[in-house]
Amino acid sequence: MFADNVLIVTIVAAFLIAVLIGPLFIPVLRRLKFGQAIREEGPDSHQKKAGTPTMGGTIILLALIFTVLKFANAKMEIYFLLLVTLGYGLIGFLDDFIKIKKKRNLGLTARQKFAGQIFLAVGAYILLILMGHDTSLHLPGTPWKLELGYFYFPFLLFLLVGTTNAVNLTDGLDGLLAGTGAIAFGAYAIIAWFGQDYDTAIFSAAVVGAVLGFLVFNAHPARVFMGDTGSLGLGGALAGIAIMTKTELLLAIIGGVFVVETLSVIMQVVSFKTRGKRIFRMSPLHHHFELTGWSEWRVVVTFWLVGMFFAGLGVYLEVVTIR
């Protein structure tokens, strides 16, 4: 099964499934009037996107499930990855559904969303304990490890909640998250393959294919948005893969774009709360560049290139210097 071309076959299969599902699913979303509400305080150019179908992340998740069930072995590692991906995707689905039903840009309350994320993190931790998962952290670029023991749980909680929300913040422009996500998952497919964690590599490759297939419909001008269904699901998948490959700290490098986007929001809020001044014209950071006059496509491509740099650095640190 683990032929040299299995990752390519997995990517192509997931891509084709997503491309086939899209034309069937998007009209359904339109008929159900599952349109996106746009933030009033957002860039004026975004107002014309109001009504574009959302919850398109379902396309990604369906393509991922079908491909993983076909190409990966049924084992605890895959069950764990499906748990965190579909679990956080479900929270996003509920959030999207409430937004649509109430015709507003706010779905679940912050408390409700956080409670759901914590509940899933607890479930993930219990499953890891049953699997006998290593609770040490590998320091990127070094042979050193740090044993956390029972402190691995609060770290896991921070990793899962932080990653899902960071990825969610990045989903603000047509194709932005789909492209940066495909790049990050591609890096992890390489890392998992070289680490001989073949099923995690196949899972990562399936995400790459599913996201690229979705990008066919999400590239500017987008015919569908992934919504929180997709962004939270992808965040859960990304954190889950980092956990399975024991590269939890490396995720901060491979997902560098997501880290920068999150930091821009934190810096903006802290600066405004303490000094009454904004650092950026708008946060997350991609909106700042829009408001400086960059076209949406220029912002997206620039972020893709930055994502490639971070992903390449992460692969180098893990595969070349250590493995």
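Each chain has its residues counted from 1, following the order in which its sequence is written. Only residues with pLDDT of at least 70 are given local features in this predicted model, and only at 80 or more are side-chain atom pairs given and counted; all residues enter the totals for whole chains, interfaces and linings. In computing side-chain values, all of the structure's heavy atoms are included and hydrogens and water are not.

## Overview of the UniProt feature "binding site: Mg(2+)" (unreviewed entry) in the protein chain
Argument step 1. The feature "binding site: Mg(2+)" (unreviewed entry), as annotated in UniProt, sits at N168 and D228 in this numbering. These annotated residues cover 61 residues of sequence, and their C-alpha atoms lie no more than 6.7 Å from one another, placing them together at a single site.
Argument step 2. Turning to its location among the elements, N168 is positioned in helix α5 (residues 152-170).
Argument step 3. The class of N168 is buried, set by a relative accessible area of 18%.
Argument step 4. Along the chain, D228 falls in helix α8 (residues 227-244).
Argument step 5. Contacts are assigned to residue pairs with any non-hydrogen atoms lying within 4.5 Å of each other. The residues contacting D228, other than those within four sequence positions of it, are G92, D95, D96, K99, K113, N168 and G233. UniProt positions are given in the numbering used here, feature names are shortened, and annotations may be inferred rather than shown by experiment. Runs of E in the DSSP output that reach at least two residues are strands. Runs of H or I that reach at least four are helices, and both are numbered from the N terminus. Working definition: with a 1.4 Å probe on protein chains only, accessible area under 20% of the residue-type maximum means buried, over 50% means exposed, and in between means partly exposed.

## Quick word on the packing of aromatic side chains
Geometry of an aromatic ring pair is reported as the spacing of the ring centres plus the angle between the planes.
Argument step 1. Pairing of aromatic side chains here covers Phe, Tyr and the six-membered ring of Trp, requires ring centres within 6.5 Å, and sorts the geometry by plane angle: under 30 degrees stacked, over 60 edge-to-face, intermediate tilted. The full count for this structure, using the stated rule, is 8 aromatic pairs.
Argument step 2. Through a chain of ring-to-ring contacts, the aromatic side chains of F289, W294 and F303 assemble into a single cluster.
Argument step 3. Lysine and arginine charges are scored as sitting over a ring when NZ or CZ, respectively, is within 6 Å of the ring centre and within 35 degrees of the ring normal. The positively charged end of R278 is found above the aromatic ring belonging to F272, 4.4 Å away from the centroid.
Argument step 4. Above the face of the W294 ring, R298 is positioned so that its terminal group lies 3.9 Å from the ring centre.

## Quick notes on the layout of surface pockets
Argument step 1. Cavity means a closed set of points on a 1 Å grid over the protein atoms alone, one where a 1.4 Å probe fits but cannot get out, pocket means an open set with protein on both sides within 12 Å along at least 5 of 7 lines, and lining means a residue has an atom within 4 Å of a point. Grid points are joined across faces, edges and corners, and a volume is the space filled by probe spheres set on the points. In this structure, the second largest pocket occupies an estimated 390 Å³ of space.
Argument step 2. F158, G162, T163, A252 and V259 are, among the 17 residues lining the second largest pocket, the residues nearest its centre.
Argument step 3. Going through the elements one at a time, α5, α9 (251-254) and α10 (256-275) are the ones with two or more residues in the lining of the second largest pocket.
Argument step 4. A per-class count over the lining of the second largest pocket returns 12 nonpolar, 4 polar and 1 charged. Any residue that is not Ala, Val, Leu, Ile, Met, Phe, Trp, Tyr, Cys, Pro, Asp, Glu, Lys or Arg is counted as polar, Gly included; the first ten are nonpolar and the last four charged.

## Focus on helix α6 (residues 176-194)
Because an α-helix packs 3.6 residues into every turn, residues spaced three or four apart end up facing the same way.
Argument step 1. Here α6 contains 19 residues, and its C-alpha end-to-end distance of 28 Å stays within 8% of the 27 Å for a straight helix at 1.5 Å per residue.
Argument step 2. At the C-terminal side of α6, Q196 shows a positive phi close to 60°. What a helix is expected to span follows from its residue count: subtract one and scale by 1.5 Å.

## Focus on the pattern of salt bridges
Think of it this way: side chains of opposite charge can pair up when their charged atoms draw near.
Argument step 1. By salt bridge we mean one thing: a side-chain nitrogen of Lys or Arg within 4 Å of a carboxyl oxygen of Asp or Glu. Summed over the entire model, instances satisfying the criterion amount to 6 salt bridges.
Argument step 2. Here D228 ties to K113 by a salt bridge, and the two come within 3.5 Å at their closest N and O atoms. Pair noted here: D228 is in helix α8 and K113 is in helix α4 (residues 110-131), with a separation of 115 residues, a long-range link. Exposure class is identical for D228 and K113. Each is buried.
Argument step 3. In the salt-bridge network here, residues are joined through shared partners; they are D95, K99, K113 and D228.

## A few points about unusual backbone geometry
Negative phi values dominate among residues other than glycine, just as trans dominates among peptide bonds.
Argument step 1. A cis amide bond links H220 with the next residue in sequence, P221, at an omega value of -5°.
Argument step 2. Along the chain, P221 turns up in the loop between α7 (198-218) and α8.
Argument step 3. With an omega of 0°, the peptide bond running from S283 to P284 counts as cis.
Argument step 4. On the secondary structure map, P284 appears in the loop between α10 and α11 (285-291).
Argument step 5. Phi at M55 is positive, roughly 70°, even though this residue is not glycine.

## A short note on the nonpolar core
The nonpolar side chains of a soluble globular protein tend to be buried, and buried together.
Argument step 1. What makes a nonpolar core is a set of buried Ala, Val, Leu, Ile, Met, Phe, Trp, Tyr and Cys residues whose side-chain atoms join them at distances within 4.5 Å. Membership of the largest hydrophobic core comes to 93 residues, with the highest contact counts inside it found for F80, Y152, L160, F203, L234 and I243.
Argument step 2. If near-sequence neighbours (up to four positions away) are discounted, I243 is found in contact with F80, L128, H133, Y152, L156, L159, L160 and E248.

## Re the environment of T163
Argument step 1. Following the sequence through the fold, T163 ends up in helix α5.
Argument step 2. Put simply, T163 and V207 are 44 residues apart on the chain and 16 Å apart in space, counted from C-alpha to C-alpha.
Argument step 3. For T163, the residues in contact, after removing those within four places along its chain, are F158, G235, L238, A239 and L251.

## Brief notes about the packing of helix α3 (residues 76-102) against α4
Helix-helix packing: each pair is described by the crossing angle between the helix axes and the interaxial distance.
Argument step 1. Two numbers describe how α3 lies on α4: the axes approach to 10 Å, and their chain directions differ by 175°. When the interaxial angle is binned, α3 and α4 end up roughly antiparallel. Residue-level inspection shows M76, E77, Y79, F80, L83, V84, G87, Y88, I91 and D95 of α3 in contact with α4, the latter providing K113, G116, Q117, L120, A121, G123, A124, L127, L128 and M131.
Argument step 2. Across the contact of α3 with α4, the residue classes tally to 13 nonpolar, 4 polar and 3 charged. Simply put, an axis is a line fit to the C-alpha atoms, just over the touching stretch for a helix, and the angle between two N-to-C directions goes from 0 to 180 degrees. Angle categories: roughly parallel below 35 degrees, roughly antiparallel above 145, roughly perpendicular from 65 to 115, and oblique for all the rest.

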